[in-house]
Amino acid sequence: MSQSTTESFILAGAGKFLGIFLTFAFNWLLARYFLTPYDFGLLGMVYVLVSLANTTMIGGLGQAVIQREVVSKADLDTVFTFNLALSLAMYALMYFLAPSIAKFYNNSELILIVRVLSLLIIINAFVVVQDALIIRHMKYKKLLLITLISQFFGYAIGVVMAVKRLGVWSLVCANLGIIFSSAILYRVTSDYIPAIRFSKQSFQKMFSYGGLLYLSTLTKTIYDNALYLILGKRYSPMTVGYYTQAEKLQGVPNSSITEIIYLVTLPLFSKSQSDKNELRQKFIKNQDAVSFVSCFIMGLLLSVSEPLIILLYTNKWMKSVPIFQWLCIAGLFLAICNTHLELIKSVGRAMTHFKLTLGLKLTSLIVLIFCSLISLRAVLIGFVLSNLAIFLIAASITRRLLDVEYDLLIFPHLLTSFISVASAIIPLMVINHSSISDITMIILSAILFCATFIAICHYTKNRGYLLVTNALRNKLKHFHFTHIES
């Protein structure tokens, strides 16, 4: 990868890892000392609304701003005007549907939570264009600063409210504080000044690509948060709370990888969309690196799952452990699948992306609803199998787009995933049942997993392993020579 691409990965990675670390630290502090699973469950039951707000911010026409080779001021104003109007309509819809949502979950507390939390949708409309322009021009240093400052401000509000025993409202107001401060920072630091202006020509041009992507992103968002809906309807807020905390812990690394893929690969692949050979080489390298890193991290979390949750959140969150373990296995396919989907978007195949997302996600959603009639474990197993199926089908489309054989796309990741799970099972069986402290158990399990996973990848000459280790080796050599010269 080029130096500029490498720097983009580093800056994007630093921003996302630091941002997600702050999110993790905030949730850890509240879950361990102040809030109960019931509090997290209440927010989790309407979490889809938060995700829809984020979809409004970065999905659809915002992605068209990134992908288009040339965008005018009229294009940007049209995107802003449309998203603002859409957000107002969505908020009005959520406001009037709040009683019905509360009735669906049989919990009247949700009425006010839905109405207040939905303000995120309106505020997000004011950062769509600025956020897309930063990603388009790959100004990740600015994005990093905005993210960290806004999260620090929002989480500070949440902690103060949690200390005052305001329960779920500390979570709601923390989210509002983050997006409100982000909107202010985007406005202050951006050269673009939004104006209420709508061009039919610009809208048609942007919507031809971004409209279908918005629907695809919306479908994906609903699917990714389907378990909140299913668990909230079929089970108690406590169960949703256990799932919420397990999902947040698993999402610390997985969300980082997924967001970096979105931030870097979409503009990176888009620049090479006219050169299939160059695009093919870039994609295979990125896919191999993502596969190795995601499998390593998910396997590591799986190997230390039980002592990690007990150490972080105490025994009151013990029921999150099996949920967390299944989510780690599902996470083996999330990042790599997103890599394939970003490729499809980057070459302008919005219709293909839409049909694929709509068909697969809705089918998987039906499977999850059916599994919920059986048991919670059946739902989690169905989630794993659904993600596997989505990966296999997305990879088959990539094969046709790039003229790549299956042995370069599917089989390497399946093998790496198997190595990851097998390496994690060993410490789960050998160490996790020992009568030692949680910290010691985590250390020993992590060492055993790392040694097993890396040894097998080295012996099998795993492509992702070789790519990552060679990159690290070159960086260390460069650092060594630079240090000697200085």
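Computed from a predicted model, the values in this text were never measured in an experiment.

Engineer: An account of the overall build of the protein is requested, with residue identities and associated values reported.
Structural biologist: Scanning the protein from terminus to terminus reveals 22 helices and 0 strands. Across the 486 residues that make up the protein, the buried fraction comes to 55%. The contacts of the protein with a sequence gap of at least 6 include a subset with a gap of at least 24, amounting to 83%.

Engineer: Account for the packing of helix 8 (residues 128-136) against helix 9 (residues 140-163), naming residues and giving values.
Structural biologist: As a packed pair, helix 8 and helix 9 sit with axes 8 Å apart at the nearest point and diverge in direction by 140 degrees. Judged by the inter-axis angle, helix 8 sits oblique to helix 9. The residues of helix 9 that touch helix 8, namely those facing Asp131, Ile134 and Ile135, are Tyr140, Lys142, Leu143 and Ile146.

Engineer: Can you lay out the nonpolar core for me, pointing to particular residues and giving the numbers?
Structural biologist: Proteins that are soluble and globular tend to have nonpolar side chains buried together. Formed by 107 residues in total, the largest nonpolar core has its most connected members in Leu110, Leu227, Leu249 and Tyr313. It is helix 16 (residues 320-346) that provides the largest number of residues to this core, a total of 13 residues.

Engineer: With reference to specific residues and values, describe the pattern of salt bridges.
Structural biologist: In total, this model carries 3 salt bridges according to the counting rule given. The network of salt bridges with shared partners includes Lys73, Asp77 and Arg197.

Engineer: If you had to explain the packing of aromatic side chains to someone new, which residues and values would you point to?
Structural biologist: Under the definition given, this model contains 16 aromatic pairs. Ring centres 6.0 Å apart and planes at 90 degrees place the aromatic pair Tyr242 and Trp317 in the edge-to-face group. Taken together, the positions of Tyr242 in helix 13 (residues 237-271) and Trp317 in the loop between helix 15 (305-313) and helix 16 put the pair 75 residues apart, joining distant regions of the chain. Each member of the pair, Tyr242 as well as Trp317, is classed as buried. Summarising the aromatic geometry, the rings of Phe449 and Phe453 are spaced 5.5 Å apart at their centres and angled 15 degrees between planes, so their arrangement reads as stacked. Of this pair, Phe449 and Phe453 are both found in helix 21 (residues 438-459), 4 residues apart, which corresponds to roughly one turn of the helix. Through a chain of ring-to-ring contacts, the aromatic side chains of Phe292, Phe296, Phe449, Phe453 and Tyr465 assemble into a single cluster. For the cation-ring pair, Arg115 lies above Tyr95, with the distance from its terminal atom to the ring centre recorded as 4.1 Å.

Engineer: Run through a nonpolar patch on the surface, naming residues and quoting values.
Structural biologist: Taken together, the side chains of Leu392, Ile393, Tyr406, Phe411 and Leu414 define a hydrophobic patch exposed on the protein surface, amounting to about 400 Å² of accessible area. Among the structural elements, Leu392 can be located in helix 18 (residues 376-402). Since its relative accessible area comes to 32%, Leu392 is described here as partly exposed.

Engineer: Pulling in residues and values, what's your account of helix 5 (residues 73-105)?
Structural biologist: Spanning 33 residues, helix 5 covers 44 Å between terminal C-alpha atoms, matching the ideal 48 Å at 1.5 Å per step. By the largest-angle criterion, Leu97 marks the main kink of helix 5, which is about 50 degrees, and a proline, Pro99, follows within four residues.

Engineer: Report on the environment of Thr244, specifying residues and quantitative values.
Structural biologist: Mapped onto the elements of the fold, Thr244 is located in helix 13. Discounting residues that sit within four places of it in the chain, Thr244 has contacts with Phe40, Gly44 and Tyr228.

Engineer: Describe unusual backbone geometry, with residues and values.
Structural biologist: Of note, the phi angle at Thr314 is positive, near 75 degrees, even though the residue is not glycine. With phi around 55 degrees, Lys461 is a residue other than glycine that occupies positive phi space. For Lys461, the position within the fold is in the loop between helix 21 and helix 22 (463-485). Taking relative accessible area as the criterion, Lys461 reaches 62% and is therefore assigned exposed.

Engineer: So what about the confidence of the model for the protein? Which residues, and what values?
Structural biologist: For the protein, per-residue confidence averages 81 on the pLDDT scale, and 81% of positions sit at 70 or higher. Within the protein, no element has a lower average pLDDT than helix 3 (residues 47-58), which sits at 62, and none a higher one than helix 21, at 93.

Engineer: Provide a residue-level description of the environment of Ile20, including the pertinent values.
Structural biologist: Tracing the backbone shows Ile20 in helix 1 (residues 3-33). Here Ile20 falls in the buried class, since its relative accessible area comes to 13%. Sequence spacing of Ile20 and Val252 is 232 residues, and the spatial spacing of their C-alpha atoms is 5.8 Å.

Engineer: Tell me about the environment of Tyr47, and name the residues and values.
Structural biologist: Locating Tyr47 in the fold gives a position in helix 3. The exposure class assigned to Tyr47 is partly exposed, which follows from its relative accessible area of 22%. Beyond its immediate chain neighbours, meaning those up to four positions away, Tyr47 contacts Asn225, Tyr228 and Lys248.

What counts, and where the lines are drawn
Residues numbered from 1 in each chain as written. Predicted model: local features only at pLDDT ≥ 70, side-chain atom pairs only at ≥ 80, totals over all residues. Heavy atoms only, no water. Helix = DSSP H or I, 4+ residues; strand = E, 2+ residues; numbered from the N terminus. Buried < 20%, exposed > 50% of the residue type's maximum accessible area, 1.4 Å probe, protein only. Contact = heavy atoms within 4.5 Å. Axes fitted to C-alpha atoms, helices over the stretch in contact; angles between N-to-C directions. Parallel < 35°, antiparallel > 145°, perpendicular 65-115°, else oblique. Core = buried A, V, L, I, M, F, W, Y, C linked by side-chain atoms within 4.5 Å. Salt bridge = Lys/Arg side-chain N within 4 Å of Asp/Glu carboxyl O. Phe/Tyr/Trp six-rings, centres within 6.5 Å; stacked < 30°, edge-to-face > 60°. Lys NZ or Arg CZ within 6 Å of the ring centre and 35° of its normal. Patch = residues over 30% accessible without salt bridge, like charges linked within 9 Å, V, L, I, M, F, W, Y side chains within 5 Å. Areas by Shrake-Rupley, 256 points an atom, 1.4 Å probe, with all protein chains shown as cover. Expected span 1.5 Å × (residues − 1). Bend = angle between axes of the 7 residues up to and from the residue. pLDDT = per-residue confidence, 0-100.

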